[in-house]
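What follows is each chain in one-letter form.
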Amino acid sequence: MIFIGSCKSGFGQQLFVQRYPTETHQASVQNWNIAQDQQGTFFFANTDGVLIFDGIHWDLLPLPGNAYCRGLAIDENGKVYVGAENGFGYLQKKLDGKFEYVSLMGLLDEKTRAAVQSTDNVAVYDGSVFFSDEMHCYIYRNEKVDVLDMPNIWFVPLGDSLYGIDENASILYHYQDGAFRNTYLKLEIRSTRLVVGYKEKYLLIVDRQNRVLVVDPKSKKTQILSEEINATIRNLFVRRICPLTDGRFAILTDQEIIIIDLNGKILSKVTSGMLSESNLWSSIFYEDAQHNVWFVTDEFLGLVITSSPIAYYDKTNGFKGVVFSLGAQGEERYVGTDVGLYHQQRNHQFEFIQGTDGIIWNIYNYKNRNYLAHSDGVFEVVQQQVTKLIAHESVLSICVLRHNPECIVMGTFDTGIWLLTKSKGSWSKRKIKGFDEEARFIQQDTLGDLWISHDGKGIWKLRLNEEMDSIIEKTIYTTSSGLPSNLNNRVFKLSNEEIVVGTANGIYTYNETSDIFEPDNRFVKALQGSIVYSLAESPEGQIYFRGRESREKMKQVSGVLLKQADNTYNVLRTPFDKITWVDSDAPLIATQSGAWFGNNNKVIAYNPNQQTFFEESLEPIIKMVTAADSVIYVDRLIHRTMNIPYSKNSMLFSFNVMYYEDVEKNEFQYKLTGLDKEWSAWTNAREAHFTNLPEGDYTFEVRARNVYNNESNVASYTFHVDPPIYRTVWAYIVYVLLFIALVYWLTVLRTKRVNIQKRILEHEVHEKTKEILMQSEALEQQAEILKASNNTKDKLFSIISHDLRGPIRQFGEVFNLLEQGYISVEEFQHKLMPNLKESANYVATLTDNLLQWAKGQMGGILVNKSEFNLTDVIHENISLLNPQAIKKSITVKTEITEGLPKVYADKDMVSLIVRNLVSNAIKFTPERGIVSVIAKPEPGYIFISVHDNGTGLSEEDINKILGKEYFTKYGTSGEKGSGLGLMLCCEFIEKNGGKFSIESQQGVGSTFTFCLTIVQ
């Protein structure tokens, strides 16, 4: 838990301080040193060990023997070196992301090791690490430790050099060529902790006379840093000094921390009284990477937010109650609350001004005089003197008239407006007739008209008579007059006397020509529709505002509008995003030194002259990646392959950003590219969990933003989720093998069944033959025919068995080679797979034709006629065979008459006929040939022709085909045919009532034609 404290300036101004008590970090209150690595993680040398802090989590690493940790230094690679009691070493990150201590004492001989005392100081320089105790200096480099007889050396790295200071004699040494060489420059200092590096080339010291000096160690020249600083700290007991990045200096004394500029002006203070009387210790005084200062007390570690231009005042500065108004008069400041008026002079707290008890609704400044709109009347204030001018209940606003400063218009809660006039040193009031509404805000324009805003009704423009006791012209402006709403309209006057209105949609101005209000284009882009509660212009022309983000969004906002060369304004909101604004009456003043904002019971102070660091880049880090229960990544250390097994496809990402100011307001967005298309919503969570990720490539991305809405760069982590085992390459190989085995088994089974049927048929034929032989000689002739048919079948099955055995054996041989490693998976996929695929297609086609033929021989084929579109069947089969044609660069063309009528036939049989005829045409056509499929209607029929310019057929071959005799030939590329295709075509055409004809000429080509019946 972070406790927020405060720090008071010379003006009573408080900076923001974050406290980390022992209850939070669970370690000793004694912290001796501090170091911050490149990622932003802090390491504290603590009495209980090394204390590690990443902005969220505190971890304590005890050292061996519970030794004290006294010194720390970090090299350019992020390795943390530790100086400890009776030893030294470094921290090493383990696989679980935790650190472990590795001692370097083993590199020393036994005698030297026994003499090592507390190594309080550690430094890294030029690839070497320096440790110092009361007797020696130890230099670690290249896995060796050299020992120098240099007792009590305090190291000061300075640019490209390393210096050492003898803590006893205060003599400066320069490390050169492996040794510390005496510069013969003696520093007049009380303590080596009063020596720090300055601007990469100088030493900044506080001497025994309490002067801040700048020492050039190369020229050995010493000069005073600033006489003004020395005058300011002359009577202080300075214990540490820290030059800040922005040119200011942080000084630690025995009682307080002072933030001071080069001119000796005290800008801020942190006193022990403001830190619950905790005692300031000098062991840690350090500016971190975000330009804030760490310190330590006897109760907690502290962080002063010195990088912010925002400070505040509250009741600890002397005022009480809710802030309703603010005022300025020269260097003096006033705060009006529901208790009364408080005054602050330079270098003093706020003091209550007696006689102002009540609510101060408004403070109006006119020529070094302040007028109070008070719940009991109107008061005049000059410095701390207050005079009651008029008694009146619930005065809300005041307007001194331009032409007569002795006349004041007073606005009230429920009695309208009144004129106050001064005569002979006394003031009187009279009612201005014609207006009885609430008058919270009043302004007078250059024409003398009064503009009065009402929070619920709109805006009035009033014109008074010459006596100024009556309204002679009154106009109310509402939404019908251009205002975006009748609510929350407030009139303000800029330094050029221009009247503007803060509305529910930005800033509006009055158009006198059209007598309406219009959005002021100078501010539209900057405000983007924000509700504006209050405005104040500084002498430099900067316009500060308070308001709300929009009518739909309740977030309170503040900022400063900066004028551009084209007369428009840009907005700066970043410094104010730190503040949680409260919806109040939003008082606001602007001066040369900045602006004050009322915020309930606080006053927020903004210093525009302070250097800021809001644009410095933020770097989120992915701290840990877990796949299921396995840590695979820790702080850039990859411990496992980034190929994640499918069984561990649940991923947990832990991330952080090292920004320590209001760390609880750091937010994160993330997405998993490969799964998410959009970033997540902004969240304070520092983990993202993804479960059941499919296989594929992923990149986890995360970005952060801090309290100032500064958005970081993107950190990413890329990984791959492997597919499950049943979707790997080896699994698919197994699937192919199983498929081939299944095809082979089915083929063998079908063949056995055919053989059984053949044997049964032979037996029946034999029996019938014997019977026929006994009855008639004529039947013997029929038996001879059946015998010849059986011989043909035997020959056919013999050829088919041979044709099946070859491809199947080829599959087995290839997979044996693959299994024994003679060929690689890549060779199998890219060189052998296409041939195996072709063989598999051949086996499938052969098996299909064989089964169809066998069914026909056994009378098992039934003709199932139906009406169908022949065009679709032709195109489907051409698409199926197109890869075969592309392989031979053959062009397959169709010439199908448009609007071809449907046919009546068995669709499956027709599909097989078309497929076999086109396949044969491709097979017997040479490369770059042409195959044409022609379909045209004739009376009662559709004629389908398959024409090719291939090898052609002899008359003998044509007769064999039409006679349904079995024969086979090789194609133009050596393709093997089964001999069954054309036999089936003849048989299926006949079964569907069609006719089949062949025209062919060897060397020229062939045309196969058949016809089908048209649906009547």
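It should be emphasised that the depicted structure is a prediction, and the values quoted were computed from it without experimental measurement.

Calculation rules
- Residues numbered from 1 in each chain as written.
- Predicted model: local features only at pLDDT ≥ 70, side-chain atom pairs only at ≥ 80, totals over all residues.
- Heavy atoms only, no water.
- Patch = residues over 30% accessible without salt bridge, like charges linked within 9 Å, V, L, I, M, F, W, Y side chains within 5 Å.
- Areas by Shrake-Rupley, 256 points an atom, 1.4 Å probe, with all protein chains shown as cover.
- Salt bridge = Lys/Arg side-chain N within 4 Å of Asp/Glu carboxyl O.
- Lys, Arg positive; Asp, Glu negative; His and termini not counted.
- Charge placed at Lys NZ, Arg CZ, Asp CG, Glu CD.
- Helix = DSSP H or I, 4+ residues; strand = E, 2+ residues; numbered from the N terminus.
- Phe/Tyr/Trp six-rings, centres within 6.5 Å; stacked < 30°, edge-to-face > 60°.
- Buried < 20%, exposed > 50% of the residue type's maximum accessible area, 1.4 Å probe, protein only.
- UniProt positions renumbered as here; feature names shortened; annotations may be inferred.
- Expected span 1.5 Å × (residues − 1).
- Polar contact = N/O pair within 3.5 Å; in protein donor to acceptor, adjacent residues only side chain to side chain.
- Pairing = 2+ DSSP bridges.
- Axes fitted to C-alpha atoms, helices over the stretch in contact; angles between N-to-C directions.
- Contact = heavy atoms within 4.5 Å.
- Core = buried A, V, L, I, M, F, W, Y, C linked by side-chain atoms within 4.5 Å.
- Left-handed = near helix turned anticlockwise from the far one by under 90°.
- Nonpolar A, V, L, I, M, F, W, Y, C, P; charged D, E, K, R; others polar.

Visitor: When you look at a negative patch on the surface in this model, what are you seeing that I'm missing?
Guide: Together, Asp357, Asp376, Glu393 and Asp414 make up a negatively charged patch on the protein surface. By the element assignment, Asp414 lies in the loop between β40 (407-412) and β41 (417-423).

Visitor: What is the right way to look at the packing of aromatic side chains in this model?
Guide: For any two aromatic rings, the description comes down to two numbers: the centre-to-centre distance and the angle of the planes. Evaluation of the coordinates by the stated rule reveals 63 aromatic pairs. With a centroid separation of 5.6 Å and an interplanar angle of 70 degrees, the aromatic rings of Tyr477 and Tyr510 are classed as edge-to-face. Pair noted here: Tyr477 is in strand β46 (residues 471-477) and Tyr510 is in strand β49 (residues 506-511), with a separation of 33 residues, a long-range link. Relative accessible area serves as the criterion here: at 23%, Tyr510 is assigned to the partly exposed category.

Visitor: Sorry if this is basic, but what is going on with the pattern of salt bridges here?
Guide: A side chain of one charge can pair with a side chain of the opposite charge if their charged atoms are brought near each other. In total, this model carries 25 salt bridges according to the counting rule given. Residue Arg573 pairs with Glu549 through a salt bridge whose shortest N-O separation is 3.7 Å. Of the two residues, Arg573 sits in the loop between β54 (569-572) and β55 (588-591) while Glu549 sits in the loop between β52 (543-548) and β53 (556-563), which places them 24 residues apart along the sequence. For Lys578, the salt bridge goes to Asp662, with nearest N and O atoms at 2.7 Å. Of this pair, Lys578 sits in the loop between β54 and β55 while Asp662 sits in the loop between β62 (651-657) and β63 (667-673), and the two are 84 residues apart along the sequence. Taken as a pair, Lys578 and Asp662 share a single burial class, namely buried. A single network of salt bridges, built from pairs that share partners, joins Arg402, Lys493 and Glu497.

Visitor: When you look at the UniProt feature "transmembrane region" (unreviewed entry) in the protein chain in this model, what are you seeing that I'm missing?
Guide: Mapped onto the present numbering, the UniProt feature "transmembrane region" (unreviewed entry) falls on residues 729-749. Counted over residues 729-749, helix gives 100% and strand 0%. Its end C-alpha atoms are 30 Å apart.

Visitor: Explanation requested: helix α9 (residues 907-923) in the structure shown.
Guide: The terminal C-alpha atoms of α9, which comprises 17 residues, lie 24 Å apart, in line with the 24 Å expected from a rise of 1.5 Å per residue. With 14 of 17 residues buried, α9 is to be regarded as a mostly interior element. One side-chain oxygen of the residue at the start of α9 lies 3.1 Å from the amide nitrogen of Asp908, identifying that residue as Asp906.

Visitor: Just to check I follow, could you spell out the pairing of strand β23 (residues 238-243) for this structure?
Guide: Side chains on a regular strand alternate between the two faces of the sheet. Extensive coverage of β23 is indicated by the burial of five of its six residues. Of the strand pairs in this sheet, β23 and strand β24 (residues 249-253) are connected by five bridges, and their pairing is antiparallel. Its bridge partner lying in β24, Val238 is registered against Thr253. The hairpin turn running from β23 into β24, its antiparallel successor, is five residues long, and Gly247 in that turn takes a positive phi close to 95 degrees.

Visitor: What is the right way to read the sheet that holds strand β73 (residues 1005-1013) from this model?
Guide: The strands that make up a sheet pair up through hydrogen bonds in the backbone, lying either parallel or antiparallel. The five strands lie next to each other as β68-β70-β71-β73-β72, forming an open sheet whose pairing is mixed. Each of the sheet's edge strands pairs with one partner strand only, and the pair in question is β68 (891-896) and β72 (996-1001). Sheet twist, expressed as the mean angle between neighbouring strand axes with direction ignored, is 15 degrees. The pairing of strand β70 (residues 930-938) with strand β71 (residues 941-948) spans eight bridges and is classified as antiparallel. By the bridge assignment for β71, Val931 is matched with Asp948. The sheet strands contacting α9 are β68, β70, β71, β72 and β73, and the helix crosses β73 at an angle near 170 degrees.

Visitor: Before we go on, may I ask you to explain the nonpolar core in this structure?
Guide: Side chains that are nonpolar tend, in soluble globular proteins, to be buried together. With 41 residues, the main nonpolar core has Leu870, Val910, Leu917, Phe996, Phe1010 and Leu1012 as its most contacted residues. Broken down by element, this core gets its largest block of residues, nine residues, from α9. The residues contacting Phe1010, other than those within four sequence positions of it, are Ile913, Val914, Leu917, Ile942, Phe943, Ile944, Ile989, Lys995 and Phe996. One finds Phe16, Ile310, Phe576 and Trp581 within the second-largest nonpolar core, a separate group that totals 32 residues.

Visitor: Is there a simple way to explain the packing of α9 against helix α11 (residues 981-991) in this structure?
Guide: Each packed pair of helices is defined by two parameters, the angle between the axes and the distance between the axes. At their nearest, the axes of α9 and α11 sit 9 Å apart, and the two run at 145 degrees to each other. Classified by chirality, the crossing of α11 by α9 is left-handed. Contacts between α9 and α11 involve Met909, Leu912, Ile913, Asn916, Leu917 and Asn920 on the former and, on the latter, Gly981, Leu982, Leu984, Cys985, Phe988, Ile989 and Lys991. When its residues are assigned to classes, the contact of α9 with α11 shows nine nonpolar, three polar and one charged.

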